[in-house]
Amino acid sequence: GIYIGFGGMLSLVVAGGIADASKNNPTLQSFVFAALFPVNLLLILLTGGVLITGASAIVPAAVYEKKAHWSHIPKIFVVSWIGNLIGAVIFALLVHYCDMNTGLTADLARKIVYKKCSKDFLKTFIKGIGCNWLVCMAVFLSGQAQDMTGKMVGIWFPISCFVAI
């Protein structure tokens, strides 16, 4: 949760700061946000952390390949979910305490919240499935890569894609 916050905050601060530059080209702000947001999954995966979305793909695959027992699935999901929730709450408290979500950063955050919450539920749900698919693909590609550069590229493209859509 904390690492997701770091990537999200980085994206909000930088992309929010170019609001004037992107008035004639709103895609610029979306691109910058999408280009920076993958920092969060890079931090998670490259430090050995677990994101519930990635765990939902990796753990069942490990059970299928007989590398883990099915009874481990609920435990890993619960530990991952609770850990991410605690990290997210801590990060939100730090952002609030340090007054980091103000001005152009806050404006972009409100814009994103409005965009995400004003859509039809079914369409949003289906987009969520596609986005989670891309996160799982990033986790898979990171696991397949043999070096740090490969891991970073394997994470960056799917995450930027999901953020941009």
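Bear in mind the structure is a predicted one, so any value in this text is a computation, not a measurement.

Applying the stated rule across the entire model yields three salt bridges. Taking the shortest distance from any N to any O, the salt bridge between Glu65 and Lys67 comes out at 3.4 Å.

In this section: the environment of Lys23. Within the element layout of this structure, Lys23 appears in the loop between helix H1 (2-17) and helix H2 (26-36). Measuring from C-alpha to C-alpha, the distance between Lys23 and Val63 comes to 49 Å, with 40 residues separating the pair along the chain.

For the rest of this paragraph, the subject is the packing of aromatic side chains. With the rule as written, the count across this model stands at six aromatic pairs. Summarising the aromatic geometry, the rings of Tyr3 and Phe6 are spaced 6.5 Å apart at their centres and angled 35° between planes, so their arrangement reads as tilted. Residue Tyr3 and its partner Phe6 are located together in helix H1, separated by three residues, close to a single helical turn. With relative accessibility at 33%, the residue Tyr3 sits in the partly exposed group. Residue Phe6 is classed as partly exposed on the basis of its relative accessible area, which comes to 42%. Ring geometry for Trp156 against Phe157: centres 4.7 Å apart, planes inclined by 85°, an arrangement best described as edge-to-face. The exposure class of Trp156 is partly exposed, given its relative accessible area of 27%. Taken together, the ring pairs connect Tyr3, Phe6 and Phe91 into an aromatic cluster.

Attention now moves to helix H5 (residues 72-97). In this model H5 runs 37 Å from its N-terminal to its C-terminal C-alpha over 26 residues, within 8% of the 38 Å that 1.5 Å per residue would give. The elements touched by buried residues of H5 are H1 and helix H4 (52-64). Just downstream of H5 lies Asp99, where phi reads positive at about 50°.

Inspection of H2 places Gln29, Val32, Phe33 and Ala34 among the buried residues, and these make up the whole buried set. Looking at the buried positions of H2, the neighbouring elements they touch are H1, helix H6 (103-117) and helix H8 (148-164).

Quick look at the packing of H1 against helix H3 (residues 39-46) now. At a closest axis distance of 7 Å, the pairing of H1 and H3 adopts a crossing angle of 155°. For the element pair H1 / H3, the angle class is roughly antiparallel. Between H1 and H3 lies a crossing of right-handed hand. Contacts between H1 and H3 involve Tyr3, Ile4, Phe6, Gly7, Gly8 and Leu10 on the former and, on the latter, Val39, Asn40, Leu43 and Ile44. For the contact of H1 with H3, a count of residues per class yields seven nonpolar, three polar and no charged.

What counts as what
- Residues numbered from 1 in each chain as written.
- Predicted model: local features only at pLDDT ≥ 70, side-chain atom pairs only at ≥ 80, totals over all residues.
- Heavy atoms only, no water.
- Salt bridge = Lys/Arg side-chain N within 4 Å of Asp/Glu carboxyl O.
- Helix = DSSP H or I, 4+ residues; strand = E, 2+ residues; numbered from the N terminus.
- Phe/Tyr/Trp six-rings, centres within 6.5 Å; stacked < 30°, edge-to-face > 60°.
- Buried < 20%, exposed > 50% of the residue type's maximum accessible area, 1.4 Å probe, protein only.
- Expected span 1.5 Å × (residues − 1).
- Contact = heavy atoms within 4.5 Å.
- Axes fitted to C-alpha atoms, helices over the stretch in contact; angles between N-to-C directions.
- Parallel < 35°, antiparallel > 145°, perpendicular 65-115°, else oblique.
- Left-handed = near helix turned anticlockwise from the far one by under 90°.
- Nonpolar A, V, L, I, M, F, W, Y, C, P; charged D, E, K, R; others polar.

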